[in-house]
Amino acid sequence: MRTLFVPLAVMALAVPPAFSQPAAGSNPSPIRHTAAATPEPAGPLDLRSALALALRFNPGLSSASREREASDAAVLQAGAWPNPVFDAQVEDLRRGNRTTTLQLSQPIELGGKRAARVTAAERARDQAASALLARRSELRASAITLFFEVLAAQQRLRLAQDSVGLAEAATRAAANRVAAGKVSPLEESRARVAEAGIRVELLQAEGALRSARQQLAALWGNPNPRFTQADGALDRLPAAAADVESRLSAAPVLRQARLEVERRQALSDLEQARRVPDLTVSLGAKRVPADEGMGSGSGRNQVVVGLSVPLPIFDTNRGNVAEALSREEKARDELAAAELQLGADVAQATERLRSARATALTLQRDALPGAEAAYKAAARGFELGKFSFLEALDAQRTLFQARNQHLLAVAEAHRAAAELDRLLGIGADEETPDAAPAVR
């Protein structure tokens, strides 16, 4: 299908109308909040505000935060001592022969069970904290990626709007030349077909923009975005990747894998400690009738002291120890696999960033100026009758393709930079960053 193209001079942007602004003073909790309560601006939205909204109101991040709090409680519970046991026994219900025993027993853990249990819980807590940072890094990268997707969709909409305006002008010019008898009516038909194709592209661009805005607003739990447009510079390329090798060791996926190895090692130590039997010390008093004693008269009280030790004859916890050791080795294998996968993913993201930057810079330096000059000459020549409509149409198509390729390359560069920051965990500990980590 023939396509018409326009320069980037027209910067007007038609976007869906803004929704009503949320009630002032609303301060929803990170979990129980509604879309109407989210303080999303009803005007332009910049990257800093988008990141702040996502990091504060994203339900997934709230879930990871709750898991971190739960792990603190698990550490507290792991350090608890066993409860004492109170025991009361009555032998023979007849008053003259009744014997009453009251006894208090205290289990005593041996073999370092409590310390091993606390260590395993602490490693689980460290994992939860690391998972929270990893989730923040992923959410931050998603917010940056979707924000630049909105910017790209807005730019595509501008191109489509400009193309529609030019297509209408081309159709009018072709109709005037047909009326003057200078060209065949076929030229007007071609112009109208090209205009219809551009209008279809305009509808597609509007739909893509609505979808991108909804995906961005969904990060903070708002299915109906209220911001009117994303405010940012799409043509500002992210910086090339630097110090990647030095940051690999601190990547979230490797940090999680190492903590899993430590947790599995602590669980192995715990199962080893459980092979040592625990002691139960008992202390109490026994009330015996007088006729059961050596003398006569009232009954006597006797001190009862006991010590019990289970005999590890049938259950030596050998199976649990073997299972824990196998899972520890499995965690080490998964750490090695994570290192290999991370290296491949980082290398791929780095190459994507390098290639996208090179493509965008080449198009901006070489292709766009020539395509714009050729289009202006063809459009002017078509108005003066020096060029045919097909020649002007080809020049327009070439310009549009160059601009669209440049737009795709810039958007891909921002996506690759955000993916690289997600893999390396850059910016995970920042609450409201000033700019995208890719723009450094």
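Novice: Outline the overall build of the protein, supporting the account with residue identities and numerical values.
Specialist: Per the secondary structure count, the protein includes 8 helices and 6 strands. Reading the protein from its N terminus to its C terminus gives the helix and strand order β-α-α-β-β-α-α-β-α-α-β-β-α-α. Counting every position in the protein, which comprises 440 residues, the buried fraction comes to 39%. Residue pairs at least 24 apart in sequence account for 81% of intrachain contacts in the protein once pairs closer than 6 positions are excluded.

Novice: Run through the confidence of the model for the protein, naming residues and quoting values.
Specialist: This prediction gives the protein a mean pLDDT of 81; 85% of its residues lie at or above 70. Between the elements of the protein, mean pLDDT differs from a low of 81, seen in helix H5 (residues 244–248), to a high of 93, seen in helix H6 (residues 252–273). Contacts of residues 431–440 to residues separated by more than four positions or lying in other chains number 27 contacts, the stretch itself having pLDDT below 50.

Novice: Break down the sheet that holds strand S3 (residues 99–108) for me, citing the residues and quoting the values.
Specialist: Spatial strand order, S2-S3-S5-S6: 4 strands in an open sheet with antiparallel pairing. The open sheet terminates on both sides in strands that have one partner only, identified here as strand S2 (85–91) and strand S6 (300–308). This sheet shows a mean twist of 20 degrees between the axes of neighbouring strands, independent of strand direction. Here S3 pairs with strand S5 (residues 279–288) via 9 bridges, running antiparallel. Within S5, the position partnered with glutamine 106 by the bridge is valine 281.

Novice: So what's going on with the pattern of salt bridges? Which residues, and what values?
Specialist: Applying the stated criterion across every chain, the model contains 22 salt bridges. Close ionic contact of arginine 264 with glutamate 260 constitutes a salt bridge, the shortest N to O distance being 3.0 Å. Within this pair, arginine 264 and its partner glutamate 260 are both found in helix H6, separated by 4 residues, close to a single helical turn.

Novice: If you had to explain the nonpolar core to someone new, which residues and values would you point to?
Specialist: One broad rule of soluble globular proteins: the nonpolar side chains tend to lie buried together. If you look at the biggest cluster of nonpolar residues, it comprises 65 residues, and the most contacted ones within it are Leu216, Leu219, Trp220 and Val346. Looking at this core, the elements that each hand over two or more residues are helix H1 (47–57), helix H2 (59–78), helix H3 (113–179), helix H4 (185–218), H5, H6, helix H7 (318–383) and helix H8 (389–424). Among the elements that line this core, the one with the most residues is H3, at 15 residues. Those residues in contact with leucine 219 that lie beyond four places of it in its chain are Ala54, Phe57, Asn58, Pro59, Leu139, Ser142, Ala143 and Leu146. If you look at the next biggest cluster of nonpolar residues, it comprises 9 residues, including Leu166, Ala378, Ala379 and Ala395.

Novice: I'd like a rundown of unusual backbone geometry, residues and numbers included.
Specialist: In this structure, asparagine 317 takes a positive phi of about 60 degrees despite not being glycine. Along the polypeptide, asparagine 317 turns up in the loop between S6 and H7. On the basis of relative accessibility, which here comes to 10%, the residue asparagine 317 falls in the buried class.

Novice: Could you give me a rundown of the packing of H1 against H3, with the residues and numbers involved?
Specialist: Contact geometry for H1 and H3: axes closest at 10 Å, N-to-C directions at 140 degrees. The angle between H1 and H3 falls in the class oblique. Note that H1 runs across H3; the crossing there is right-handed. Seen from H1, the contacting residues are Leu47, Ala50, Leu51, Ala54 and Leu55; seen from H3, they are Arg136, Leu139, Arg140, Ala143, Ile144 and Phe147. Partitioned by chemical class, the residues of the contact of H1 with H3 number 9 nonpolar, no polar and 2 charged.

Novice: Lay out H6 in plain terms, naming residues and giving numbers.
Specialist: The end-to-end C-alpha distance of H6 is 31 Å, a good match for the 32 Å that 22 residues give at a rise of 1.5 Å each. Taken residue by residue, H6 has Pro252, Leu254, Ala257, Leu259, Glu260, Val261, Arg263, Ala266, Ser268, Leu270, Glu271 and Ala273 as its buried positions.

Novice: Could you give me a rundown of the pairing of S3, with the residues and numbers involved?
Specialist: The pairing of S2 with S3 spans 7 bridges and is antiparallel. Across the sheet, the residue bridging to aspartate 87 is glutamine 103, located in S3.

Novice: Go over H2 with me, naming the residues and quoting the values.
Specialist: The end-to-end C-alpha separation of H2 is 29 Å, in line with the 28 Å expected for 20 residues at 1.5 Å each. The backbone nitrogen of glycine 60 lies 3.0 Å from a side-chain oxygen of the residue at the head of H2, namely asparagine 58.

Novice: Residues and numbers for the environment of alanine 54, please.
Specialist: With respect to the helices and strands, alanine 54 occurs in helix H1. Spatially, the C-alpha atom of alanine 54 lies 8.7 Å from that of alanine 218, the residues being 164 residues apart in sequence. Excluding residues that lie within four positions of it along the chain, alanine 54 makes contacts with Leu139, Ala143, Leu219 and Trp220.

Novice: I'd like to hear about a nonpolar patch on the surface, residue by residue, with values.
Specialist: Together, Ile108, Val281, Leu307 and Val309 make up a nonpolar patch on the protein surface, roughly 320 Å² of accessible area in all. Tracing the chain through its elements places valine 309 in the loop between S6 and H7.

Novice: Please provide a residue-by-residue account of the side chain of asparagine 222, values included.
Specialist: Take asparagine 222: it is sitting in the loop between H4 and strand S4 (229–231). At a separation of 3.0 Å, a polar atom in the side chain of asparagine 222 contacts the main-chain carbonyl oxygen of asparagine 224.

About the thresholds
Residue numbering note: each chain is counted from 1, following its sequence as written. At least 70 in pLDDT is required for a residue's local features to be given in this predicted model, at least 80 for side-chain atom pairs to be given and counted, and no such filter applies to totals for whole chains, interfaces and linings, which use all residues. Side-chain descriptors were evaluated using all non-hydrogen atoms of the structure, hydrogens and water having been removed beforehand. Strands here mean DSSP runs of E at least two residues long; helices mean DSSP runs of H or I at least four residues long; both are numbered from the N terminus. Type-normalised accessible area, obtained with a 1.4 Å probe on protein chains alone, sets the label of each residue: buried when under 20%, exposed when over 50%, and partly exposed for intermediate values. Contacts between residues were defined by any pair of non-hydrogen atoms, one from each residue, lying within 4.5 Å. Known as pLDDT, the predictor's confidence for each residue is given on a scale from 0 to 100. When DSSP finds two or more bridges between two strands, those strands count as paired. Orientation is described by lines fitted to C-alpha atoms, with helices fitted over the stretch in contact, and by angles between N-to-C directions that extend from 0 to 180 degrees. Salt bridge, as applied in this entry: a Lys or Arg side-chain nitrogen positioned within 4 Å of an Asp or Glu carboxyl oxygen. Only buried Ala, Val, Leu, Ile, Met, Phe, Trp, Tyr and Cys residues count toward a nonpolar core, and they belong to the same one when joined by side-chain atoms within 4.5 Å. Each angle is binned into one of four classes, with values under 35 degrees roughly parallel, values over 145 roughly antiparallel, values of 65 to 115 roughly perpendicular, and all other values oblique. Handedness of each helix crossing follows the sense of rotation of the near helix against the far helix: counterclockwise by less than a right angle gives left-handed, clockwise gives right-handed. When residue character is reported, Ala, Val, Leu, Ile, Met, Phe, Trp, Tyr, Cys and Pro are called nonpolar, Asp, Glu, Lys and Arg charged, and the others, Gly included, polar. Here the expected span of a helix is defined as 1.5 Å times the quantity of residues minus one. Within 3.5 Å is the distance limit for a polar contact, defined as a pair of N or O atoms, with the added protein rule that one can donate a hydrogen and the other accept it, and that residues adjacent in sequence qualify only through two side-chain atoms. Only residues above 30% relative accessible area that lack a salt bridge enter a patch, with like-charged residues linked at up to 9 Å and the nonpolar side chains Val, Leu, Ile, Met, Phe, Trp and Tyr linked at up to 5 Å. Using a 1.4 Å probe, accessible areas were evaluated by the Shrake-Rupley method; residue-level cover was limited to the displayed protein chains.

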